[in-house]
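Listed here are the chains, written in short residue letters.
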Amino acid sequence: MGQPVREYLLTLCVTVAVTYLLTGPVRKFAIAVGAMPEIRARDVHREPTPRLGGIAMFGGLCAGLLVADHLQNLNGVFELSNEPRALLSGAALIWLVGVLDDKFELDALIKLGAQMISAGVMCMQGLTILWIPVPWIGTVALTPWQGNLLTVALVVITINAVNFVDGLDGLAAGMVCIAAGAFFLYAYRIWFGYGIEAAAPATLFAAILMGMCLGFLPHNMHPARIFMGDSGSMLIGLVLAAAAISISGQVDPDAMALFAGGERNATHAMLPVFIPLILPLTIIAIPMADLVLAVVRRTWNGQSPFAADRGHLHHRLLELGHSHSRAVLIMYFWSGLIAFGAVAYSVHSTSMWIVLAIAALSALGLLLLLLPRFSPRTPRWAERLVPPRYRHAERAAEAAVQDASAAEPEPARPIAAGVSGVNGATAVGPRSRFPDRRKAGSSR
C-alpha cells in the first residue's frame, strides 16, 4: 500500500509544480491578448485582472495524467480502463470553450451546449453511470439512455455550481480542493480497503484535481494576480464530476456485499457505496443555497429572479464586516466540515462522537460568523513576525512611527503603461480609482 501512496504523492507534486509554474507565463499571455474584462458592478475586486488561468490548470491535468501513465502501480488504470482518456477528451473540449469565453464572452447557451457535449463525449468512451445503489433496496441497473442522461445532468450541475461559487479570490479553487481531498480519502479507502480496482480512476482524478487547485491557489489568493475564468472553473467542475461518476457508476456494490453479508445490508451499512452521489453536494450545497436564497429574495422584493443585486453569500459576509480573506476562509471551513464530515460518517456511521464533533464544529462556524471584527492578537514576543494588523494597537503605532522616521524618502517615479501595480493585479497602466459600488447591481 505504501508504494501507491508514494506514486499518488509524486503525481500530486508534479501537477502542483506544473500548474504553479505555468500560471505566471499564462498571466503575461492573458495580458498580451487582452483577456482582461472590465470591472463589473457585482465584482469585489477593484483592478482589472487577467483571466485564462484555466490554461495552466489544463497543463497540470495533462502533466498529472502523463506522469501517472508511467508509474508502475498507476499504469494499470490506463491499461484496464478507458476513463482517463474519456476525461481528457471531455476536459479538452470544455477547456477550449472556456478559453474562448474568457476572451470573447460567449453566450450562456453556447457554454451550456458545450458542457452537454463534453459530458456526451465522456459517455461515448465509457465514463458513465451504469447503476445506482439505493439504501435498503440494493442496486438499480440503468438503461444506457438513463445512465447517459443522468451523467450529463450531473456534469452540467457540477460545472455550473463551481462556476457560480467563483465569486471571491481563491474561493472556487479552495473549495474544490477541499472536496477533492475528501473524495481522495473516500476513493482510496474503496480501492485499497475493499480491493475494488474500479475505484482506481476516481482516486487518480481526485489526486490530480487537488494538484491543479493547489498549484493555482498561490496566484489566486487575495489579492488575486490572475483569475481562473470559465476555462478553469468549468474544467475543475468537470473533473470533479468525472470522479463522482466514475466511482458511483462503475463500482459494483456486489463486491462490497462480501463484507456485509448481503446486497441490501451492504448498501445500507456501507455508506461509501452511495457517498459519491453526496460528496459533489459539498460543492453544490453552498452555491445552490445561495441561488435559492437569491430567487426567494428577489421574488419577495417584487423583482425578477434574474434581477441584479448584491445579496449573495460572499457579499453578505463582506457587509457583515468580514475581510475578503476571512470570508473565503469561513466558506472553506463550511466546505471542509461538510466534505470530511460525510467521509467520516461513511466510515463510522454508528459513532456518536462523529455526530458530536460535527455539531461542535458547526457551532464554532456560527460563532465565527458573529465575530466579523474580531482580530486575534499575537504575543508581544512574536509581534515582529506577523503583519501589523495582528499586533497590539499601541505597539503597531510605535513601530509605524519608527519605520517612517527611519525610512529615507524616495522621489516618486511615474508608472509606465503595461507595468503591474503595487499588488501585481493591475495589469495595464497605473492603479485606477473606482467608485464605491456597494449599491450597484449584480447579475448573479
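Engineer: Pulling in residues and values, what's your account of the packing of aromatic side chains?
Structural biologist: Tallied over the entire structure, the rule returns seven aromatic pairs. Centre to centre, the rings of Tyr 8 and Tyr 188 are 6.1 Å apart; their planes meet at 75°, and the pair counts as edge-to-face. Of the two residues, Tyr 8 is situated in helix H1 (residues 2-33) and Tyr 188 in helix H7 (residues 171-194); the sequence distance between them amounts to 180 residues. Relative accessible area serves as the criterion here: at 2%, Tyr 8 is assigned to the buried category. We classify Tyr 188 as buried; its relative accessible area is 14%. With a centroid separation of 4.4 Å and an interplanar angle of 10°, the aromatic rings of Phe 58 and Trp 95 are classed as stacked. Taken together, the residues Phe 58 in helix H2 (residues 54-69) and Trp 95 in helix H4 (residues 83-104) connect sequence positions 37 residues apart.

Engineer: Lay out the packing of H2 against H4 in plain terms, naming residues and giving numbers.
Structural biologist: How two helices pack is summed up by the angle between their axes together with the distance between the axes. The interhelical angle for the contact between H2 and H4, taken along N-to-C directions, is 165°, at an axis separation of 11 Å. Viewed along their axes, H2 and H4 adopt a mutual orientation that is roughly antiparallel. Once H2 is placed against H4, the crossing between them reads as left-handed. Across the interface between the two elements, Gly 54, Ile 55, Phe 58, Leu 61, Cys 62 and Leu 65 from H2 touch Pro 84, Leu 87, Leu 88, Ala 91, Ala 92, Trp 95 and Val 99 from H4. Looking at the contact of H2 with H4, its residues break down into twelve nonpolar, one polar and no charged.

Engineer: Describe H2, listing the residues and the values that go with them.
Structural biologist: The first and last C-alpha atoms of H2 sit 22 Å apart over 16 residues, in line with the 22 Å expected at 1.5 Å per residue. Burial in H2 covers these residues: Gly 54, Ala 56, Met 57, Phe 58, Gly 59, Gly 60, Leu 61, Ala 63, Gly 64, Leu 65 and Ala 68.

Engineer: Talk me through the confidence of the model for the protein chain; I want residue IDs and the actual numbers.
Structural biologist: Interpreting fine coordinate detail is not advised for predicted regions of low pLDDT. On average, residues of the protein chain score 77 in pLDDT, and 67% of them reach the 70 mark or higher. Between the elements of the protein chain, mean pLDDT differs from a low of 48, seen in helix H11 (residues 263-269), to a high of 96, seen in H2. Here residues 264-270 is modelled with pLDDT under 50, and outside its nearest four sequence neighbours on either side it reaches 16 contacts, counting other chains as well. In this model, residues 415-444 is a region of pLDDT below 50 whose contacts with residues beyond four sequence positions or in other chains number 75 contacts.

Engineer: Give me the lowdown on the pattern of salt bridges, citing residues and values where you can.
Structural biologist: Within the structure shown, the criterion is met by three salt bridges. Of the charged contacts, one joins Lys 111 and Asp 101 as a salt bridge, the two residues approaching to 3.7 Å between their closest N and O atoms. Of this pair, Lys 111 sits in helix H5 (residues 108-124) while Asp 101 sits in helix H4; the two residues are ten residues apart in sequence, bridging distant segments of the chain. A relative accessible area of 16% means that Lys 111 is categorised as buried. Of the residues examined, Asp 101 reaches a relative accessible area of 2% and is grouped as buried. Through salt bridges that share partners, Asp 101, Lys 111 and Asp 230 make up one connected network.

Engineer: Can you tell me about the side chain of Ser 246, naming the residues and giving the values?
Structural biologist: Of note, Ser 246 is situated in helix H9 (residues 229-250). Its relative accessible area of 0% is what places Ser 246 among the buried residues. Here Glu 83 takes part through its side chain, which lies 2.5 Å from a polar atom of the side chain of Ser 246.

Engineer: Give a description of the environment of Ala 206 that names residues and reports values.
Structural biologist: Mapped onto the secondary structure, Ala 206 falls in helix H8 (residues 200-220). Take Ala 206: its relative accessible area is 3%, and that puts it in the buried class. Each C-alpha atom of the pair Ala 206 and Phe 184 lies 5.2 Å from the other, and the pair is 22 residues apart in sequence. Those residues in contact with Ala 206, other than ones at most four positions away along the chain, are Ala 180, Phe 183 and Phe 184.

Definitions and limits used
Residues numbered from 1 in each chain as written. Predicted model: local features only at pLDDT ≥ 70, side-chain atom pairs only at ≥ 80, totals over all residues. Heavy atoms only, no water. Phe/Tyr/Trp six-rings, centres within 6.5 Å; stacked < 30°, edge-to-face > 60°. Helix = DSSP H or I, 4+ residues; strand = E, 2+ residues; numbered from the N terminus. Buried < 20%, exposed > 50% of the residue type's maximum accessible area, 1.4 Å probe, protein only. Axes fitted to C-alpha atoms, helices over the stretch in contact; angles between N-to-C directions. Parallel < 35°, antiparallel > 145°, perpendicular 65-115°, else oblique. Left-handed = near helix turned anticlockwise from the far one by under 90°. Contact = heavy atoms within 4.5 Å. Nonpolar A, V, L, I, M, F, W, Y, C, P; charged D, E, K, R; others polar. Expected span 1.5 Å × (residues − 1). pLDDT = per-residue confidence, 0-100. Salt bridge = Lys/Arg side-chain N within 4 Å of Asp/Glu carboxyl O. Polar contact = N/O pair within 3.5 Å; in protein donor to acceptor, adjacent residues only side chain to side chain.

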